[in-house]
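Here are the chains, one letter per residue:
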Amino acid sequence: MNNMNLSEQEQIRRESLDELRKLGINPYPAAEYKTTAFAQDILDNYTPEKNNFQDVCLAGRIMSRRIMGSASFAELMDSSGRIQIYVRRDDVCPGEDKMMYNTVFKRLLDIGDIIGVKGHVFKTQMGETTVHVEEFTVLSKSVRPLPVVKEKNGILFDAVTDPEMRYRQRYVDLIVNPQIRDVFRKRTQIIQSMRELFNSRGYLEVETPILQPIPGGASARPFITHHNTLDMTLYLRVANELYLKRLIVGGFEGVYEFAKDFRNEGMDRTHNPEFTVMEIYIAFKDYNWMMSFTEEIVKKAALDLHGKTEIEYGDKVINLNPPFKRINMTDAIKENTGTDISGMDEAGLRAVCDKLNVPHTASMGKGKLINELFGSKCEHNYIQPTFIIDYPTETSPLTKMHRSKPGVTERFELMINGKEIANAYSELNDPIDQMERFKDQLSLSEKGDDEAMFIDLDFVRALEYGMPPTSGMGIGIDRLTMLLTNQPSIQDVLLFPQMKPESQKSKVESQKEEYLALGVPEKWVEPLKKLGFTTVAKLKEVEKHTKLHQDLCGYNKKHKLGLQNPSQDDVKAWLNLK
RNA sequence: CGGUUCGUAGCUCAGCUGGUAGAGCACGUGACUCUUAAUCAUGGGGUCGAGGGUUCGAUUCCCUCCGAGCCGACCA
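Residues numbered from 1 in each chain as written. Chains lettered and ligands numbered in written order. Predicted model: local features only at pLDDT ≥ 70, side-chain atom pairs only at ≥ 80, totals over all residues. Heavy atoms only, no water.

## Topic: the overall build of chain A
Next, step 1: Within chain A one finds 20 helices and 20 strands.
Next, step 2: In chain A, which comprises 578 residues, the proportion classed as buried is 46%.
Next, step 3: For chain A, contacts bridging at least 24 residues in sequence account for 62% of all contacts bridging at least 6.
Next, step 4: For chain A, the accessible area works out to roughly 29,500 Å², and carbon and sulfur atoms hold 50% of it. (Helix = DSSP H or I, 4+ residues; strand = E, 2+ residues; numbered from the N terminus. Buried < 20%, exposed > 50% of the residue type's maximum accessible area, 1.4 Å probe, protein only. Contact = heavy atoms within 4.5 Å. Areas by Shrake-Rupley, 256 points an atom, 1.4 Å probe, with all protein chains shown as cover.)

Right, here's the structure in full:
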């Protein structure tokens with residue numbers, strides 16, 4: 001039986017499952033279970049004086065049990081929270097037959113099972129609001145034991161904190177660490193908050209291709225895939241920017257998308273290979289307007305979530321109340337390093353980098369060097385929200401040149417807590433300039449810059465028809481969520497963060513008959529499997545029968561199987577050794 | 001990619017200078033009709049991440065690999 005692979009507790013639960021069926025109880029019933037209340041609603045609103053909730057029906061997972069003979073307390077957890085239930089034998093079994101209590105509730109149900117209960121609410125002598133159960137229904141039997149977390153006075157005992165378990169088995173995390181559910185509710189609330197604002201302005205939510213023939217709109221290594229029917233290479237998008245701007249060309253006033261983007265790059269506390277960005281493009285606006293709009297978006301999200309703009313992140317207090325500080329990149333570098341780089345050429349910038357111990361390579365041009373200086377010396381210092389304005393042209397190939405300052409573009413990034421949260425431009429709508437910028441990117445990539453952008457000729461064609469002056473902005477939803485929910489890692493705001501696969505133990509096992517065919521007595525088959533010889537092929541690889549013989553005898557002794565040990569020659573014969 | 005810490009029962013964790021493993025919760029059995037980390041009694045449960053090496057003997061020491069966290073590098 002494959003039950004040999006199951007733990008004792010799993011086997012017992014499977015036996016309970018069979019017993020339930022034998023008693024005529026379907027452990028996985030199909031019918032809708034109509035509930036009339038949620039746990040939190042009862043906890044919040046029950047008052048003995050009102051005598052309300054006297055006929056309630058709720059469903060949830062059994063999270064703890066305290067059985068005291070013919071009466072029991074248990075905790076039921078539904079989507080809203082936990083509530084205590086009180087199950088008394090003579091109430092759930094009013095007649096002679098006490099099976100539902102004695103056998104089903106006490107013996108066959110476990111922590112983790114999902115049941116429905118009907119009953120009335122009361123307060124115990126200890127004052128705890130409790131559902132006095134008159135009838136219960138098995139809704140789903142759990143055959144795998146759940147980690148048991150206990151709690152007293154807000155202190156958790158044996159809480160599951162192992163990040164591997166939490167991220168790989170998020171379902172378990174969500175069950176036993178219910179505060180984690182709040183993080184994800186808040187994530188959705190943030191998205192809702194933004195969506196409300198955009199819709200109220202009449203902007204259109206759209207969907208654009210994830211599979212793209214040209215991975216445009218950002219500088220990043222893409223994931224590559226292949227379409228069989230078209231027999232062509234496709235890329236998972238690194239950005240959706242170029243498609244959204246095509247829609248502005250098409251005549252929409254404003255378009256936005258909550259988009260999953262994919263970048264085939266490193267992973268750390270702030271990077272996951274797939275991540276969510278909200279990008280919005282609005283015609284006839286510029287980046288100054290967009291800065292104010294970004295302030296409004298962030299402020300609204302904070303208010304919708306917390307009712308205030310002052311938030312705590314780690315040991316920091318961050319105030320998201322506008323206006324945010326605005327500083328251009330040159331001044332930012334001066335502010336943080338004391339060095340004024342305005343008007344410097346490439347050689348001058350390299351000297352500054354050397355002086356400040358900022359690493360640089362030969363393939364870096366002016367823009368990259370400035371980016372590098374900012375990235376390593378300035379960025380992390382902007383804890384309070386700050387717009388960094390006017391980025392070098394070289395690293396902003398989709399951005400309009402600054403209206404008055406030469407050499408820079410009308411671009412800003414919003415820094416909060418030393419991290420980029422948003423990125424926005426006055427969009428480049430000059431098709432001739434755009435083509436030139438793409439060509440510059442091409443020569444950069446020929447110089448060895450593997451993150452230079454690809455040329456998207458169709459996008460240039462769209463611009464040739466004419467795109468209104470437009471401002472666009474992207475916000476990293478994951479990072480914004482981290483910030484607003486005070487989570488230290490991007491993995492904590494992604495329901496299923498990317499993980500390396502678990503090493504699968506080989507599931508292939510030889511049948512008992514195959515061992516018997518080798519002359520192995522039936523009683524020794526399971527011990528052999530337990531010792532790792534799960535297939536006869538593995539058995540045939542054994543070179544020293546004496547070692548196997550020792551292991552088998554040792555296993556017999558250790559597990560007190562009481563089997564008669566085989567002789568060395570017997571073992572030798574199984575292996576077909578000479 | 002480098003440094004570092006870690007992987008032991010379903011869960012949380014002990015385990016000394018090498019002698020094949022312990023606790024609490026959970027689970028089984030019994031007692032208990034207002035408990036709440038329920039309690040009391042009793043019992044079972046482990047290829048100590050995988051593979052190799054040293055050794056009479058490895059959970060422990062060494063090497064390789066797999067997985068995770070943190071720090072750094074690279075990267076937006």
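There's plenty left to go through after this.
## Description of the pairing of strand 3 (residues 82–88)
Next, step 1: Within strand 3, five of the seven residues are buried, leaving the element largely enclosed by the surrounding structure.
Next, step 2: Pairing analysis gives four bridges linking strand 3 to strand 5 (residues 129–140), with the strands arranged parallel. The partner of Y86 across the bridge, within strand 5, is H132. (Pairing = 2+ DSSP bridges.)

## Let's talk about the pairing of strand 13 (residues 274–283)
Next, step 1: Counting buried residues along strand 13, nine of its ten residues qualify, which places the element largely inside the surrounding structure.
Next, step 2: Relative to strand 20 (residues 470–476), strand 13 is paired through seven bridges, and the arrangement is antiparallel. Within strand 20, the residue paired with I280 across the bridge is M473.

## Quick notes on the sheet that holds strand 8 (residues 204–205)
Next, step 1: With mixed pairing, eight strands are arranged side by side in an open sheet as 8-12-13-20-19-18-17-16. A single partner strand is all that each edge strand has here, and the edge strands are strand 8 and strand 16 (325–328).
Next, step 2: Note: strand 19 (residues 419–426) against strand 20, five bridges, orientation antiparallel. Residue pairing for strand 20: A422 is matched across the bridge by I475.
Next, step 3: Against the sheet, helix 15 (residues 477–485) contacts strand 12 (254–262), strand 13, strand 18 (411–416), strand 19 and strand 20, and its axis sits at roughly 55° relative to strand 20. (Axes fitted to C-alpha atoms, helices over the stretch in contact; angles between N-to-C directions.)

## Side note on the confidence of the model for chain A
Next, step 1: Overall, the predicted model of chain A reaches an average pLDDT of 89, with 87% of residues at or above 70.
Next, step 2: Least confident of the elements in chain A is helix 19 (residues 545–558), whose mean pLDDT is 58; most confident is strand 8, at 98.
Next, step 3: Both scores are available for the predicted complex, with the pTM at 0.87 and the ipTM at 0.92. (pLDDT = per-residue confidence, 0-100.)

## Focus on the nonpolar core
Next, step 1: Of all hydrophobic cores here, the largest spans 46 residues; its most connected members are M194, F198, I280 and M473.
Next, step 2: Examining the composition of this core, we find that nine residues originate from one element, helix 9 (residues 287–306), more than from any other.
Next, step 3: Core analysis: the next-biggest nonpolar cluster, separate from the first, contains 29 residues, L20, A37, Y101 and V104 among them. (Core = buried A, V, L, I, M, F, W, Y, C linked by side-chain atoms within 4.5 Å.)

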